[in-house]
Structure formats: C-alpha cells, structure tokens
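Observations on the model geometry
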2 protein chains.
Amino acid sequence: MEGATAEADSAEGSFTDESFADVTPDAARRLLLGAVEAFAERGFHATTTRDIAGRAGMSPAALYIHYRTKEELLFQISRVGHERSVRILTEAAATGGTPAERLDAAVRTFVRWHAAYHTTARVVQYELAALGEEHYGEIVVMRRRTEEILRTVLSEGVAAGEFAVEDINGTALAVLSLCIDVARWYRTGGPRTPDEIGALYAGLVRRMVSA
Amino acid sequence: MEGATAEADSAEGSFTDESFADVTPDAARRLLLGAVEAFAERGFHATTTRDIAGRAGMSPAALYIHYRTKEELLFQISRVGHERSVRILTEAAATGGTPAERLDAAVRTFVRWHAAYHTTARVVQYELAALGEEHYGEIVVMRRRTEEILRTVLSEGVAAGEFAVEDINGTALAVLSLCIDVARWYRTGGPRTPDEIGALYAGLVRRMVSA
DNA sequence: ACGGCGACTGAGCACGCGCTTAGGTCCGGC
DNA sequence: GCCGGACCTAAGCGCGTGCTCAGTCGCCGT
C-alpha cells in the first residue's frame, strides 16, 4: 500500500511519470518521456521520430543510438507501463483484509494510476495495435495476469459470501474495462482529482458486485 | 424499441453495418465500408488511401471523386455512427416505464450496438483525435447530447427514489465509459453474444445505481 | 599529452504517402 | 448518330517519413 499511496500522491497537475525514473542514460529517459507525451497526444502512427527527438532536445539521429526503431520506443513504454500497473494491482489485491476490502483497494489504486498517469496509461492501453508481433506477445502475458488478479478477488469474494456475481469472467472484464477507460477521458485540470475518481469508482464497483 | 431490437438481431458473426445502407452512389458506400474496416483494424493514420480503395475494388484515384480527403471519409463515418448511436440511446431512454426500466433499456441497447457493430463503434469512439478541428466540433455536440441523456435518466431515478446516486455527473460518465469500452475489447466469435453482454451490463449498472 | 570511445549531429537516402491530372469508357437524351 | 456528363483509371508529382552514415565533440584513463 505504501508504494501505491506514494504512487499518485501529488494527485493534481501534469507531473512526469516516475515509472521511467531509473532509465539510463539520461538521454534515453528524455526520449522515452518525449515519446510518451507525443504518442499520447497524437498516437503512435501520427508521431514522427523528429518530434520525439525534438521534445528530448536532440537531433533525429540521436534517437537511434538508444533505440533501434520507433516501435522499440513504444515497446519500452508499454513494457514498463504494464509492469508498473500489474505491480500496483498485485500489491493492492494482496493486502490483508476481506475480499471486499481488497477489491476496493485494487480498483481505487488502479483507477488512480490511470488518472494520475493518464498520459502513460493512454499509450499503454490504446497503442497495443502498433506493437510488433513478438513484442505484442510479451505484453499480452502481462495483460492476462491483470485479468487473473481481478478474477481471483471476485471468486474469493463469492466464496466468502461477500459478493453475488454470476458471471465472474464477464464481470472481471467489465470492472477492468471501467478502470482502463479512465485513461481515455481523463483530463488534468478537470473537476475531479485522481483520488476522487478512485474513491468514486471503488464505490460503484463495490455496489456492482456485493451480495 | 422496435428499431433498437432490429438493430442487432442477427447478433452473431461479422455482418456489415446497415447504418451506411442509404449512402449513394454504390461506390461511395463501398468506400465508406472499406474505410470503416481499415480504420478499425489499423487506425486512421496507419491506413492508406490505397488500402481503402483496394477494399472497395477501385483505383486509388476513385476515392477522390466521392470524398475530398481521407479525413472527410473518417468524418462521414463518425457523423453517421454518432447519429445512429445517439438515436439508439434516445429511443431507449424515451420508452415508457420507470427510470430503472429506461436505464436498463438504454444500457442494454447501447452496449449491444457497441458489440454488434464494434468495427464501426471502434472508429466512432477511438479515432476522434484524427478529425479536423471543425469536424471535431460538430461531433462533440452529439457526444454531449449522449451524456445529457444519461444524466437525465439518472436524475429522474434519483428523484423517483429508485436510484441512490451521489455524483450524477461522475456516475453518468462511468456508465457511458463502461458501455463505450465494449467496442475496444469485443471480438466476434468470443464467448458472449452482443445480446448477452447487453444483458450482463444492464444488470451491473442497475446494481451500481439502485437504492 | 594523447589515444580511444561513447554520445551526438548534419546531411541525406529510399520509399510510400496523400492527392492530382489527363484521358478513357459508358450511357441516357435528342 | 452523337454529344455531355458521370464515373473511373494509369501515371505520377511533391513531400515527409523512418532510418543511416560519415564525421565531430568532449571526456576518461594512462
């Protein structure tokens, strides 16, 4: 929880994602951050390598010293982003407490991450189709783990009599879908902070599944 | 209801969207349908005009007899698609019955449309950023109407004592988000028919808001 | 002092893109 | 019979793209 709480604590404003804090060298990290911004704004295919390099304050050619292709840049973003989001979900779902409490924590922090880091999250969730086949394969494994975590919590809640859920697979998919889609519509400076959306969504999901 | 029921009646398989049935001449309609497929598969920016023309069985130049630019093709798809989806929601929310029944009908048919015509819906919901500024402005008006319909039903349900919803705006956004995101993950040939997903989601939403 | 090496740039290549243009074909009206 | 217009194609223009490469800069160990 500690990590997950720190994750989105400053909550408002467009601060950069610390997911990429330990990427070295410095230029490689700046390129990644530039690419995240650009991909989130325009999409992968509408973004030029010149734009990315420009945001990082470098010439177009410098990009290819640190990454072999534009697609590899996307893959690194996707990989790190997925690792982070899976970690957050795992930690939240593994806290002590009843299944209801764990589902609450999972939805709350997952949503908060998608809102606070919606720039990264948008690339992570909506640019999958631009990945190469092999890279996509690696990512899909992590995505399946995400679904598995949700299904597990729901099953345990049903077993404990806390939840009344007929279609566990379908409901898990719906809950995830609800959380993920936050990255699509969230705007910094909107009426709600990531924390508030997390709280709202946790409540909605709780009512959706509780017995 | 009649129209909305007919809308997704054959329910399974990848049948073409009749939204574009009255587009003339024939070649213009074939181009639209080809563009819908291509945009849904690869996204607007990754789709070439040669690809679209090829799917319609024509030379690249033929596209420009019927549409001035590639973007206009996207706009026509987006416009017709939005009109259709707004009409569906409006009709469902305007049936007689309690707010709970109308919310049920709205979610059910809206979700069914997004699943059954997920190809069109994916373009409609996820390619907005590729629209030109003026065209985007036109579309946004329709999207606001969609939100308004949802907020109205929720408000009426609260007033009638059927729903217990604190944050009407936030909840309306969440419900819409849930429905829309179906277009992202739905695949034809998956375990659930559009009808089944509609029923599942209507139930989930009902529990989310009911007093 | 200097060699070697990693980081970076300026210039530019080959390609595929959106779109245009000149011209061909077909068909209904007179 | 033949004109006019709607529809379509072959060819290709100009440009911006992803990416490359020869060469420069500056820092480090010796």
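Scroll up to find the structure.
Residues numbered from 1 in each chain as written. Chains lettered and ligands numbered in written order. Predicted model: local features only at pLDDT ≥ 70, side-chain atom pairs only at ≥ 80, totals over all residues. Heavy atoms only, no water.

**Brief notes about the protein's contact with DNA strand D**
For clarity, the cut-off: Working definition: residue near molecule or strand if any one of its non-hydrogen atoms lies within 4 Å of it. Definition of a polar contact: a pair of N or O atoms within 3.5 Å, with one able to donate and the other able to accept a hydrogen when the atoms are protein atoms, and with sequence-neighbouring residues admitted only if both atoms are side-chain atoms. Strands are runs of DSSP state E lasting at least 2 residues, helices are runs of H or I lasting at least 4, and numbering of each runs from the N terminus. When residue character is reported, Ala, Val, Leu, Ile, Met, Phe, Trp, Tyr, Cys and Pro are called nonpolar, Asp, Glu, Lys and Arg charged, and the others, Gly included, polar.
As a matter of local geometry, DNA strand D sits amid 16 residues, with Thr48 and Tyr64 of chain A together with Ser59, Ile65 and His66 of chain B nearest to it. Contact distances for DNA strand D include 3.0 Å between a phosphate oxygen and a backbone N or O atom of threonine 47 of chain A. Between DNA strand D and arginine 50 of chain A, the relevant distance is 3.0 Å, taken from a base nitrogen to a side-chain nitrogen or oxygen of the residue. Sorting the residues of the surface near DNA strand D by element identifies helix H3 (49-55) of chain A together with helix H4 (63-66) of chain B as the ones contributing at least two each. Split into classes, the residues belonging to the surface near DNA strand D amount to seven nonpolar, six polar and three charged.

**Details of the relation of the copies chain A and chain B**
Keep this limit in mind: The superposition of copies rests on a least-squares fit of C-alpha positions from residues with pLDDT of 70 or more in both. It only takes one pair of heavy atoms within 4.5 Å for two residues to be counted as in contact.
Expressed as a screw operation, the relation of chain A to chain B combines 0.0 Å of axial shift with a rotation of 180°, fitting to an RMSD of 0.0 Å. Each copy turns onto its partner about a two-fold axis. Taken together, the interface assignments show that 96% of the residues at the interface of chain A recur at the interface of chain B, consistent with an identical surface on both copies.

**Some remarks on the pattern of salt bridges**
Residues and elements named next belong to chain A. Quick reminder of the rule: We count a salt bridge whenever a side-chain nitrogen from Lys or Arg sits within 4 Å of a carboxyl oxygen from Asp or Glu. Only protein chains enter the accessibility calculation, which uses a 1.4 Å probe; a residue whose area is less than 20% of its type maximum is buried, one above 50% is exposed, and one in between is partly exposed.
According to the stated counting rule, one finds 34 salt bridges over all chains in the structure shown. Between arginine 102 and glutamate 156 there is a salt bridge whose closest N-O contact spans 2.9 Å. With arginine 102 in helix H6 (residues 99-116) and glutamate 156 in helix H8 (residues 133-159), this residue pair connects regions lying 54 residues apart in the sequence. With a relative accessible area of 13%, arginine 102 lands in the buried category. Judged by relative accessible area, which is 32%, glutamate 156 ranks as partly exposed. Salt bridges sharing partners connect three or more residues here, namely Glu37, Glu41, Arg42, Asp51 and Arg55.

**Considering the interface of chain A and chain B**
Put simply, the rule is: In short, buried area is how much 1.4 Å probe accessible area vanishes from two parts on joining, totalled over both.
The partner chain B presents 26 residues to the 27 residues of chain A that form the contact. Between chain A and chain B, a total of about 2,400 Å² is buried, with carbon and sulfur atoms accounting for 57% of that surface. Of all residues in chain A, Arg184, Arg207 and Met208 of chain A bury the most surface against chain B, accounting for 25% of the area lost on that side. Run the count over chain A and chain B and you get two salt bridges.

**Let's talk about the protein's contact with DNA strand C**
By nearness alone, 16 residues border DNA strand C, and Ser59, Ile65 and His66 of chain A together with Thr48 and Thr49 of chain B come closest of all. Those atoms of DNA strand C that come within 4 Å of the protein belong to sugar or phosphate at a rate of 51%. One of the backbone nitrogen or oxygen atoms of threonine 47 of chain B is found 3.0 Å away from a phosphate oxygen of DNA strand C. At a separation of 2.9 Å, a base nitrogen of DNA strand C approaches a polar side-chain atom of arginine 50 of chain B. Of all the secondary structure elements, the ones that give two or more residues to the surface near DNA strand C are helix H4 (63-66) of chain A together with helix H3 (49-55) of chain B. Split into classes, the residues belonging to the surface near DNA strand C amount to seven nonpolar, six polar and three charged.

**A few points about the packing of aromatic side chains**
As a reminder, the rule being used: Here is the rule: rings of Phe, Tyr and Trp (six-membered ring for Trp) pair when centre to centre is within 6.5 Å. Planes less than 30 degrees apart are stacked, more than 60 are edge-to-face, and the remainder are tilted. Each ring is checked for a lysine NZ or an arginine CZ that lies within 6 Å of its centre and within 35 degrees of its normal; such an atom marks a charge sitting over the ring.
Applying the stated rule across the entire model yields seven aromatic pairs over all chains. With a centroid separation of 5.2 Å and an interplanar angle of 55°, the aromatic rings of phenylalanine 39 of chain A and phenylalanine 44 of chain A are classed as tilted. A relative accessible area of 1% means that phenylalanine 39 of chain A is categorised as buried. Taking relative accessible area as the criterion, phenylalanine 44 of chain A reaches 6% and is therefore assigned buried. Here tryptophan 185 of chain B and tyrosine 186 of chain B contribute two aromatic rings whose centre-to-centre distance is 6.5 Å and whose plane-to-plane angle is 55°, an arrangement assigned as tilted. The two residues tryptophan 185 of chain B and tyrosine 186 of chain B agree in class, both being buried. Taking NZ or CZ as reference, lysine 70 of chain A lies 4.4 Å from the ring centre of phenylalanine 44 of chain A, over its face.

Function-wise, these values are silent; they only describe arrangement.
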